[in-house]
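In case you want the letters, here they are:
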Amino acid sequence: MALYYLIAVTDRAKHRPMAALFDKAGLRPILTNLGRGTARSEHLALYGLDSTEKAVVSTVANDEDTAELIRAAKEQLYMDIPGNGVMLAIPIKSVAGGRTLNQLSGGKDIGGKPKMEFKHELIIAILNEGQSDSVMNAAREAGATGGTVLHAKGTGSRETGKFLSVSIAEEKDMVYIVAKAGEKAAIMRSINEKAGPGTRAGAICFSLPISAVVGLRENE
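Just so it is clear, the structure is predicted and the values come from calculations on it, not from any experiment.

Some remarks on the overall build of the chain
Within the chain, the regular secondary structure consists of five helices and 11 strands. In the chain, which comprises 220 residues, the proportion classed as buried is 45%. Of the contacts made within the chain by residues no fewer than 6 positions apart, 80% connect residues no fewer than 24 positions apart.

Next up, the structure:
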């Protein structure tokens, strides 16, 4: 099965043109979340993301639509030029049932398998609200140059207490960091040691493989 979770991070003022590309491709559903960048001006070697307000537009697409959307984003929104945002495709391993699969694929054929060569990974950290700076400081010490912060809310019952020092039902932040596969482990280790469970941030982090990414400036 070749389905991908497509995520585009761009300046908030540009989220409508980005969502329009998704819509024109006939992709459903399209989700838009508001966030903010974390990269400092002196650390833009990898991303083109600074501390401005961001929008995260996401959807699910098959192999063909993923390639077409990435091509359209390059041609119309110049996503392949650092500074205009980042777009990435995460392979989906499974979905819950035939109806869900039909809805996500739009009834299109999704034969084949996702690309399994991963040069980059998406690190996701879930942390206590207002503690993203400590997480990003730890990540930068291990080589990360920036990320995107999203606001979230736990859904667990307050009576359940805490999970790994994180109060489940409280306000949360989520941090997205795109890292080279070879640098991912060091970044996650640094976050865990300096901003992980037992600290004020109480960050829990994990990573997902990225099959395709545009908008990054590779370090020479």
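Some words on unusual backbone geometry
The phi torsion of most residues other than glycine is negative, and most of the peptide bonds are trans. Here Tyr-78, not a glycine, exhibits a phi torsion of approximately 55°, which is positive. Among the structural elements, Tyr-78 can be located in the loop between helix 2 (63-77) and strand 4 (86-92).

Let's talk about the environment of Ile-92
Note that Ile-92 resides in strand 4. Accessibility expressed as a relative area gives 16% for Ile-92, which makes it buried.

Re the confidence of the model for the chain
This prediction gives the chain a mean pLDDT of 80; 75% of its residues lie at or above 70. Within the chain, helix 5 (residues 181-195) carries the highest mean pLDDT (95), whereas strand 8 (residues 166-167) carries the lowest (54). Taken together, the stretch residues 41-50 has pLDDT below 50 and engages in 30 contacts with residues farther than four places along the chain or on a different chain.

Some points on helix 5
The end-to-end C-alpha distance of helix 5, which contains 15 residues, comes to 21 Å, matching closely the 21 Å that a straight helix rising 1.5 Å per residue would cover. What helix 5 keeps buried is the set Lys-184, Ile-187, Met-188, Ser-190, Ile-191 and Ala-195. Buried residues of helix 5 fall within an arc of 160° about the axis and therefore sit on the same side. Looking at helix 5, the residues exposed on the side facing more than 90 degrees away from the buried face are Gly-182 and Glu-193.

Let's talk about the side chain of Lys-172
Mapped onto the secondary structure, Lys-172 falls in strand 9 (residues 171-180). Within the local environment of Lys-172, its side chain forms a polar contact with the side chain of Asn-128, the two groups lying 3.1 Å apart.

Quick notes on the packing of helix 1 (residues 15-24) against helix 2
Orientation of helix 1 relative to helix 2, taken along the N-to-C sense of each, is 145°, at an axis distance of 10 Å. By crossing handedness, the relation of helix 1 to helix 2 is classed as right-handed. Counted together, Pro-17, Met-18, Leu-21 and Phe-22 of helix 1 and Leu-69, Ala-72, Ala-73, Gln-76 and Leu-77 of helix 2 form the full contact between these two elements. Taken together, the residues that form the contact of helix 1 with helix 2 break down as eight nonpolar, one polar and no charged.

Quick word on the packing of helix 4 (residues 132-141) against helix 5
For any two helices packed against each other, one specifies the inter-axial angle together with the distance between the axes. The contact between helix 4 and helix 5 brings their axes to 8 Å, and the two run at 135°. Comparing their axes, helix 5 and helix 4 come out oblique. For the crossing formed where helix 4 meets helix 5, the hand is right-handed. Here Ser-134, Val-135, Ala-138, Ala-139 and Glu-141 of helix 4 lie close against helix 5, whose contacting residues are Ile-187, Ser-190, Ile-191, Lys-194 and Ala-195.

Re helix 4
Taken as a whole, helix 4 has its buried residues at Ser-132, Val-135, Met-136, Ala-138, Ala-139 and Arg-140. Looking one or two places after helix 4, you find Gly-143, whose phi comes out positive at around 115°.

Calculation criteria
Residues numbered from 1 in each chain as written. Predicted model: local features only at pLDDT ≥ 70, side-chain atom pairs only at ≥ 80, totals over all residues. Heavy atoms only, no water. Helix = DSSP H or I, 4+ residues; strand = E, 2+ residues; numbered from the N terminus. Buried < 20%, exposed > 50% of the residue type's maximum accessible area, 1.4 Å probe, protein only. Contact = heavy atoms within 4.5 Å. pLDDT = per-residue confidence, 0-100. Expected span 1.5 Å × (residues − 1). Arc of directions from axis to C-beta. Polar contact = N/O pair within 3.5 Å; in protein donor to acceptor, adjacent residues only side chain to side chain. Axes fitted to C-alpha atoms, helices over the stretch in contact; angles between N-to-C directions. Left-handed = near helix turned anticlockwise from the far one by under 90°. Nonpolar A, V, L, I, M, F, W, Y, C, P; charged D, E, K, R; others polar. Parallel < 35°, antiparallel > 145°, perpendicular 65-115°, else oblique.

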